[in-house]
Every structure is written in C-alpha cells, then in structure tokens.
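# Summary of structural features
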Amino acid sequence: MDIRVYRREDCGNIRYYPADDRAETLLRLTGTKTFTPEMLKIIEQTGYKVVQVRNYRSDNHKSEEV
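Anyway, here's the lowdown on the structure attached to this text. (Residues numbered from 1 in each chain as written. Predicted model: local features only at pLDDT ≥ 70, side-chain atom pairs only at ≥ 80, totals over all residues. Heavy atoms only, no water.)

### What to know about the overall build of the protein
As a reminder, the rule being used: Only DSSP runs of H or I with at least four residues qualify as helices, and only runs of E with at least two residues qualify as strands; both kinds are numbered from the N terminus onward. Using a 1.4 Å probe on the protein chains alone, a residue whose accessible area is under 20% of its type maximum counts as buried, one over 50% counts as exposed, and one in between counts as partly exposed. Only the protein chains shown count as cover for residues, and all accessible areas are computed by the Shrake-Rupley method using a 1.4 Å probe.
When you go through the protein residue by residue, the secondary structure sums to two helices and four strands. For the protein, the N- to C-terminal ordering of α and β elements is β-β-α-α-β-β. A burial count over the protein gives 29% of its 66 residues as buried. Working note: accessible area of the protein is about 4,800 Å², and carbon and sulfur atoms make up 45% of it.

See the structure below:
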C-alpha cells in the first residue's frame with residue numbers, strides 16, 4: 001500500500017503535503033496540515049510506501065512520480 005505526497009520548502013523548512021486520499025486520511029490523525037520527514041519515516045515503518053510526486057494538482061489528484 002502506498003501514499004502520495006508532494007514536497008514544498010518554506011523558510012528553510014521542508015514539508016510534505018498529501019497528494020491522495022489515503023495520505024489525507026493519515027494526516028488527519030496527526031491534527032496537522034503537513035507531514036514532516038520524521039512522520040513519513042514512521043509511516044514507512046508501518047508498511048506504507050511513501051511516493052513523492054511532482055506537478056501535483058489538488059483539483060483531481062493528478063500528479064507525476066518523482
């Protein structure tokens with residue numbers, strides 16, 4: 001099972017945003033709007049594959065894998 005995220009850097013901080021419904025569901029458990037790299041490591045330890053995508057468009061979850 002995998003989740004898709006896209007990366008953005010803001011003021012030197014790297015954040016990962018959900019790019020599919022499964023990622024959004026996991027993110028709701030955290031009470032935050034973004035994943036940190038540490039969060040993604042924990043998610044991978046539970047058996048998910050984290051796929052980073054580019055050219056993400058939130059209107060219909062279309063993206064390309066990095």
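Next comes the rest of the description.
### Here we look at the nonpolar core
Selection criterion: What is meant by a nonpolar core is a set of buried Ala, Val, Leu, Ile, Met, Phe, Trp, Tyr and Cys residues, joined one to another through side-chain atoms within 4.5 Å.
In terms of nonpolar packing, the biggest core is built from 10 residues, these being Ile3, Val5, Tyr16, Ala23, Leu26, Leu27, Phe35, Leu40, Ile43 and Val50. Secondary structure elements with two or more residues in this core: β1 (2-10), α1 (21-30) and α2 (37-45). The element best represented in this core is α1, accounting for three residues.

### A closer look at the pairing of β1
Heads up, the condition is: The rule for pairing is simple: two strands pair if DSSP sees at least two bridges between them.
Sheet analysis places β1 next to strand β2 (residues 13-18), joined by six bridges and oriented antiparallel. Following the sheet pairing, Arg7 is matched in β2 by Tyr16. Connecting β1 to the next strand, β2, in antiparallel fashion are two residues, including Cys11 with a positive phi near 55°.

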